[in-house]
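# Structural description and commentary
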Amino acid sequence: MACQICGGSGWIIEERDGRRVARRCKCQFKAFVREYLNSSGIPKRYRNCRFRNFKPETETQLRALKVCREFFSLYPFTERGILLYGPPGTGKTHLAVATLRNVIVHKGLKGIFCDFRELLIDLKSTFDTKDSTTEVLDAVRKAPLLVLDDVGAERNTDWARDVLAEIVNFRYTNSLPTIITTNLSFGIPGEESFAAKFDERTESRIYDMCRILRVEGHDRRKANCL
């Protein structure tokens, strides 16, 4: 059934200051939102993540929620993203997805969710076809807004280090906002630190391109099983 406002054309002609101006109809906005949600890569488990159903229990969770809301409010007029780090189950992915989803649904802008471990698997499956490998990596590197989830959960390899460095370097030099989640410590020396698993150069660039926030609290996944 054709839109009753635009008749299916997707455009509306209206008068502004004595001039006829064409603008997109609301039906087109809704169509873009559906398309961008379907292509966002948000996993089924996280599709219901919202700011309103994130229940902060600690000061760090409350601060992370506030910063993610601020990022959404300013986007796309911000180049600096967010890095959320801390123990598993503290809501980092929930907040990252809620931010991405708000950008898509309320602003009609495109972004993608990428689990870093899944990306490495996808890249390995395309090794035989160079063009396919480049296509998979470009979709991540060039996304207008990228959520790069669970960085550091994969097995430690030089190749994983190089893939992350390439993504971060491209997005850094092109000022593309990125939201990263990781269970690794950040800015703290040690075997489980981000710099130890990857490299100091990548960490340094992330400091410049993201606000760094520690998220602490009880493991919500474990709590749900009690």
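For every chain, the first residue of the written sequence is number 1, and numbering continues from 1 along that sequence. Given that this is a predicted model, residues contribute local features only at a pLDDT of at least 70 and side-chain atom pairs are listed and counted only at 80 or more, while totals for whole chains, interfaces and linings are drawn from all residues. To obtain the side-chain values, all non-hydrogen atoms of the structure were used and water was disregarded.

### Side note on the overall build of the protein chain
Worth spelling out the cut-off: Counting from the N terminus, the helices are the DSSP runs of H or I reaching at least four residues and the strands are the DSSP runs of E reaching at least two. Every residue pair with non-hydrogen atoms within 4.5 Å of one another is taken to be in contact. Note that accessible areas follow from Shrake-Rupley with a 1.4 Å probe, and for residues the cover is restricted to the protein chains shown. In this tally, Asp and Glu contribute negative charge and Lys and Arg positive charge; neither His nor the terminal groups of the chain are included. The atoms used to mark charge sites are NZ of Lys, CZ of Arg, CG of Asp and CD of Glu.
What the protein chain contains, in helices and strands, is nine helices and seven strands. Here the C-alpha coordinates of the protein chain stretch approximately 65 × 45 × 35 Å along the principal axes. The contacts of the protein chain with a sequence gap of at least 6 include a subset with a gap of at least 24, amounting to 74%. Surface accessibility of the protein chain: about 13000 Å² in total, with carbon and sulfur atoms responsible for 49%. Positive and negative side-chain charges of the protein chain, numbering 38 and 29 respectively, have mean locations separated by a distance of 9 Å.

### Some words on the packing of helix α1 (residues 26-38) against helix α3 (residues 92-107)
Applicable threshold: Axis definition: a line fitted to C-alpha atoms, limited for helices to the stretch in contact. Angles are taken between N-to-C directions and run from 0 to 180 degrees. Orientation labels follow simple angle bins: below 35 degrees gives roughly parallel, above 145 gives roughly antiparallel, 65 to 115 gives roughly perpendicular, and whatever is left gives oblique. Under this grouping Gly is polar, as are all residues other than the nonpolar Ala, Val, Leu, Ile, Met, Phe, Trp, Tyr, Cys and Pro and the charged Asp, Glu, Lys and Arg.
Two elements in contact, α1 and α3, have axes whose closest approach is 8 Å; the angle formed by their N-to-C orientations is 155°. Here α1 lies roughly antiparallel to α3, going by the angle between them. Taken together, the residues of α3 that come into contact with α1 (itself represented by Phe-29, Val-33, Tyr-36 and Leu-37) are Arg-101, Ile-104, Val-105, His-106 and Lys-107. Residues belonging to the contact of α1 with α3 are distributed by class as follows: six nonpolar, one polar and two charged.

### A look at the sheet that holds strand β6 (residues 178-182)
Note the threshold: The rule for pairing is simple: two strands pair if DSSP sees at least two bridges between them.
Taken together, five strands build an open sheet; the order of strands is β4-β5-β6-β3-β7 and the sheet is parallel. Both outer strands of the open sheet, β4 (112-115) and β7 (210-214), are each paired with one neighbouring strand and no more. The mean inter-strand angle of the sheet, taken between neighbouring strand axes irrespective of direction, is 15°. Pairing analysis gives four bridges linking strand β5 (residues 146-151) to β6, with the strands arranged parallel. Within β6, the residue paired with Leu-146 across the bridge is Thr-178. Most of the contacts of α3 go to β6, to which it runs at about 165°, and overall it touches β3 (81-85), β4, β5 and β6. Sitting on the sheet, helix α8 (residues 200-209) touches β3, β6 and β7, and the angle it makes with β7 is about 100°.

### Focus: the pairing of β6
Remember that side chains alternate between the two faces of the sheet whenever the strand is regular. Selection criterion: Relative accessible area decides the class of each residue, using a 1.4 Å probe on protein chains only: under 20% of the type maximum gives buried, over 50% gives exposed, and in between gives partly exposed.
Extensive coverage of β6 is indicated by the burial of five of its five residues. Burial along β6 is two-sided: the residues Thr-178, Ile-180 and Thr-182 and Ile-179 and Thr-181 are all buried. Alignment of β3 against β6, held across four bridges, turns out to be parallel. Each residue of the ladder has a partner; that of Leu-83, found in β6, is Ile-180.

### Focus on the layout of surface pockets
Put simply, the rule is: Using only the protein atoms, space was sampled on a 1 Å grid; points where a 1.4 Å probe fits but cannot get out form cavities, open sets with protein on both sides within 12 Å along at least five of seven lines form pockets, and lining residues are those with an atom within 4 Å of a point. Grid points are joined across faces, edges and corners, and a volume is the space filled by probe spheres set on the points.
By volume, the largest pocket amounts to about 730 Å³. What lines the largest pocket is a set of 34 residues, and nearest its centre among them are Pro-43, Tyr-46, Thr-93, Phe-113 and Asp-149. Those elements that place two or more of their residues in the lining of the largest pocket are α3, β4, α4 (116-125), α5 (130-141), β5, β6 and α9 (220-223). In terms of residue class, the lining of the largest pocket is built from 12 nonpolar, 12 polar and 10 charged. Here the second largest pocket defines a volume of roughly 160 Å³. In terms of lining, the second largest pocket is formed by Leu-37, Asn-38, Ser-40, Gly-41, Ile-42, Tyr-46, Arg-47, Val-97 and Arg-101.

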